[in-house]
Amino acid sequence: MKIIACIKQVPDSEAKVRADNGAVNWGDAPLVINPFDEYAVEGALQQKEATSGASSSLSTVTALCIGPESAKEALKHALAMGVDDTILVSDPALNNIDTVGAARVLAAAIQKIGGVDMVVFGRQTLDSGSGLTPAQTARVLGWSMLGLAGQIKVEERSVTVDRVIEEGRQSVKAKLPAVISVVQSIGEPRYPSFMGIRKASKATIPVWSLSDLGISAPEAIVKRAELVNPPARESTIEIIGGESPAEIAEKLADKLIAEKAL
Amino acid sequence: MKTLVYIDHFKGDVQPASWEALGLAKSFGSAIAVVFGSGVDTVAKTALEYGADEVFVADDPALLDFRAETYAATLTALASSSTPNLILFPTTTRTRELAAMSAVDLGSNVITDAIGIEVNGDSVVVTRPIYEGKLFEKVTCSGAPQFVTIRGRAFPKPEQQAGRSGAITKVEAKTDALTTVEGYSVAEVGVSLSDAGVIVSGGRGVSNNPSLQPPPGLDDKQAEIWRAQQGFTFIGELASTLGGAVGASRAAVDAGYIPYSNQVGQTGKVVAPDLYIACGISGAIQHLAGIRSAKMVVAINKDADAPIFKVARYGVVGDLFQIVPALTEAFKRKLGK
């Protein structure tokens, strides 16, 4: 089985992010693989392991990323976790694409790779966080979308996932090829292995441009007009003290009821 | 401005932010509710009671279960024939996929998680949080129609007017499916975090109660989780007394104290309750971003220097294992429960 794990590079979640002259400034925080995409890599590797014994040929996982040259580091993290190979799609014309644009570029890359059975995404990214790209990639490809999978099971040429939805779990089945997004219950992402880190440090990461994909730059439909720092929380704290927990609780409950906080 | 409002429901239970979207659409002009499913008359009638000018219903056995591809094709056909300027959705697991796909079909795109909307003629400028709520951006959509999903509790819910009636128009269901729904395991979910008016949340500190004696035979990690679960029992009792939901910090989730679905912040969930009670949560930057929209924060923590106190209106420096049960008792008495 040929599996693609789509990943993105984002500023670390500990970063203090601010709007600075209309641009996003994350200071000296490191750029890392999007934390949700580590689960995508984990889910893809689990499926590689689950299906490698069954079929005559070995399964493979390719990590695919759109981004600048620096995004190679995110792909190296995926290599260190155990993916077989990587592809970076990089082109200055891709700097301001929206989610539909990203979906069109990813779909073109997936078609160029060819023979793909399964594409795995994280549920959303930490930066824009819209969570649209997996379903849009599926739609552009004309493939099934199995979103928010907490569990994936492949049998023959079909795949069944347990979708984690507001009301519980929904079990959905589709024929391969399919696009799947995963949530955290897929399992904790594995740590990079010593061998993996060595492999990643020596790897040369192939870079594809838009002309390699044979497409022109998609124009953004959703565009940012302005970037705003959220208003600071105006809060003056009142510390509630007392002789006993019961007295403190009594005072606090009275305050909250008086302020109609309930 | 002509707006379609997609009413998201699971087996007839409507996601409350659907009505908030309907109220918002009414404030812009004409608002037509859209209901998909099988046997959804009640949902359609309720949409009229919440103020819809008209309801478009695709009612078909093939739409009994939500499937992104059939729902998206049905919406795409409806939007092509009825040409709205805007389609509003509540932000849910289903609508993210539905809107994402239908927007591809129509050469448009989606703005998710709206917390503010300004109308400019037939166009909207939408404010949405990015970077886990650390920043806001204002965005526009140049496609037609514009697709916008709104965040729960960001806009007021309209009053339900019992018996209000109006036109319910049948529209065609598109039933070509790629997927089959095999079944459900529906959890006993209490109040969901995104709809909750009150959230009581626990952090790493919830396991910090050395006086609790775990049952014999547990190793250190198991004993820690056992202690944390006792702590979350107290938190759950306070939450249910207040009719609220239980949340958790990333630290508590990562330590295995409570499932991921309870996580607040770090794109776990961004919440907007009237009251947020943080117990044993120090206040990491992602967590503080996740609770930015809470109207009032109360912090209970042993460490007087914890950053959570910087955003709190009321604070208690003390042991949550003593304060939280006492608070539950006090509220039970005062609220007559």
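This one's a predicted model, so the numbers in the text were calculated from it and none came from an experiment.

### Notes on helix α2 (residues 72-81) of chain A
All names here are of chain A.
Turning to step 1, where the next piece is worked out: Counting buried positions along α2 gives 9 out of 10 residues, so the element sits mostly inside the fold.
Turning to step 2, where the next piece is worked out: Taken together, the buried positions of α2 are Lys72, Ala74, Leu75, Lys76, His77, Ala78, Leu79, Ala80 and Met81.
Turning to step 3, where the next piece is worked out: Phi turns positive, to about 130°, at Gly82, one or two residues after α2.

### Remarks on the domain arrangement of chain B
All names here are of chain B.
Turning to step 1, where the next piece is worked out: When the domains of chain B are assigned, the result is domain 1 (2-170) and domain 2 (193-334).
Turning to step 2, where the next piece is worked out: Once you take the C-alpha centre of each, domain 1 and domain 2 turn out to be 34 Å apart.
Turning to step 3, where the next piece is worked out: Contact with domain 1, which involves 8 residues of that partner, is made by 11 residues of domain 2.
Turning to step 4, where the next piece is worked out: Of the residues that constitute the side of domain 1 that touches domain 2, the class distribution is 3 nonpolar, 2 polar and 3 charged.

### Points about unusual backbone geometry
Turning to step 1, where the next piece is worked out: Cis geometry marks the peptide bond from Leu176(A) to Pro177(A); its omega dihedral reads 0°.
Turning to step 2, where the next piece is worked out: Tracing the backbone through its elements, the reader meets Pro177(A) in the loop between β11 (168-175) and β12 (178-182).
Turning to step 3, where the next piece is worked out: Here Ala144(B) and Pro145(B) are connected by a cis peptide whose omega angle stands at 0°.
Turning to step 4, where the next piece is worked out: Structurally, Pro145(B) is set in the loop between β10 (135-141) and β11 (146-150).
Turning to step 5, where the next piece is worked out: The backbone of Asn21(A) shows a phi angle near 50°, a positive value even though the residue is not glycine.
Turning to step 6, where the next piece is worked out: Residue class for Asn21(A) comes out exposed when judged on the 6 C-beta atoms lying within 10 Å of it.
Turning to step 7, where the next piece is worked out: Its identity is not glycine, yet Arg153(B) carries a phi of approximately 65°, on the positive side.
Turning to step 8, where the next piece is worked out: Locating Arg153(B) in the fold gives a position in the loop between β11 and β12 (167-170).
Turning to step 9, where the next piece is worked out: Assessed through the 21 C-beta atoms surrounding it within 10 Å, Arg153(B) is described here as buried.

The rules behind these values
Residues numbered from 1 in each chain as written. Chains lettered and ligands numbered in written order. Predicted model: local features only at pLDDT ≥ 70, side-chain atom pairs only at ≥ 80, totals over all residues. Buried ≥ 20, exposed ≤ 12 C-beta atoms within 10 Å, placed from the backbone. Helix = DSSP H or I, 4+ residues; strand = E, 2+ residues; numbered from the N terminus. Domains from an automatic or database assignment. Contact = placed C-beta atoms within 7 Å. Nonpolar A, V, L, I, M, F, W, Y, C, P; charged D, E, K, R; others polar.

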